[in-house]
Amino acid sequence: MITIVDYGAGNLSSVVNAVRFLGETPHVTADADEIAAADRIILPGVGAFGECMKRLRSDGVADALTVSASKGTPLFGICLGLQLLFDYSTEFGHNDGLGLIGGGVEKLTTAGLKLPHIAWTSIDVRPESRLLDGVASGEYFYFVHSYRAKAADPRDEAATAEYGEPFTAAVERDNIFATQFHPEKSGAAGLKILSNFLKI
């Protein structure tokens, strides 16, 4: 069962439709017990980091995600879902994250480029990535964000991209996976990534 976490952060329908297109039946829930018992978890997200973490903690979902990750359940964060996996964000002040990936989230330094970064942007892929297997460096994906994650350990980066500065475009460590871009809105290459995750 593919469990998609619903914590009021939007963007669920496109993720649900993509998973269904790939032949799976997703289960959308905000119930912490169901999330803790899931076989695979997708954590989507659109919105402010601090507010989303507040919702996750108040509903017990943050603890459920941590428990699931610690026992090896495959977890895939998308966009804000990637950022929430990190130790902290500086968006609207300092906010602690889930702490599943070392590093932090800070505002993009764009050297005069517009924010948010809303664009199809190419990524540089780490060859041994399971999540990005079959995806070549130079492939374009759809990004929408003003803040960027920076992994403390470069080995956690499955891909990088650049918009004014280099940033973490995807992470992968053991059973933890995430993309800053939206695979569900990125055509065939994005569906390939989702398909890879569903097979892990």
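Below, the structure is looked at part by part. (Residues numbered from 1 in each chain as written. Predicted model: local features only at pLDDT ≥ 70, side-chain atom pairs only at ≥ 80, totals over all residues. Heavy atoms only, no water.)

Section: the sheet that holds strand S5 (residues 86-89)
Consideration 1: Taken in spatial order, the 4 strands of this open sheet run S6-S5-S7-S11, and their pairing is mixed. The strands lining the two open edges of the sheet, one partner per strand, are strand S6 (95-96) and strand S11 (147-151).
Consideration 2: Two elements, S5 and S6, share 2 bridges in a ladder whose sense is antiparallel. Bridge pairing links Tyr88 to Asp96 in S6. (Pairing = 2+ DSSP bridges. Helix = DSSP H or I, 4+ residues; strand = E, 2+ residues; numbered from the N terminus.)

Looking at the side chain of Thr73
Consideration 1: Looking at the secondary structure, you find Thr73 in the loop between helix H4 (61-70) and strand S4 (75-78).
Consideration 2: Residues within four places of Thr73 in sequence aside, it is in contact with Ala38, Asp39, Arg40, Ile41, Ser68 and Asn175. (Contact = heavy atoms within 4.5 Å.)

What to know about the packing of aromatic side chains
Consideration 1: This structure, assessed with the given rule, holds 6 aromatic pairs.
Consideration 2: Judged by centre distance (5.2 Å) and plane angle (40 degrees), the ring pair of Phe76 and Phe197 falls under tilted. Here the residue Phe76 occupies a position in strand S4, and Phe197 occupies one in helix H6 (residues 187-199), the gap between them amounting to 121 residues.
Consideration 3: Seen in terms of ring centroids, Trp120 and Tyr142 are 5.9 Å apart; in terms of plane orientation they differ by 50 degrees. Their pairing is tilted. Here Trp120, found in strand S8 (residues 117-122), pairs with Tyr142, found in strand S10 (residues 140-145); they are 22 residues apart in sequence, far enough to count as distant.
Consideration 4: Assessed through its relative accessible area of 22%, Tyr142 is described here as partly exposed.
Consideration 5: Following the ring pairs from residue to residue traces out a cluster consisting of Phe141, Phe143, Phe167 and Phe181. (Phe/Tyr/Trp six-rings, centres within 6.5 Å; stacked < 30°, edge-to-face > 60°. Buried < 20%, exposed > 50% of the residue type's maximum accessible area, 1.4 Å probe, protein only.)

Regarding the side chain of Gln83
Consideration 1: Considering the arrangement of structural elements, one finds Gln83 in helix H5 (residues 80-84).
Consideration 2: In terms of polar contacts, Gln83 uses its side chain to reach the backbone carbonyl oxygen of Tyr147, at 3.0 Å.
Consideration 3: For Gln83, the side chain forms a polar contact with the side chain of Gln180, separated by 3.1 Å.
Consideration 4: Excluding residues that lie within four positions of it along the chain, Gln83 makes contacts with Phe49, Val105, His145, Tyr147, Arg148 and Gln180. (Polar contact = N/O pair within 3.5 Å; in protein donor to acceptor, adjacent residues only side chain to side chain.)

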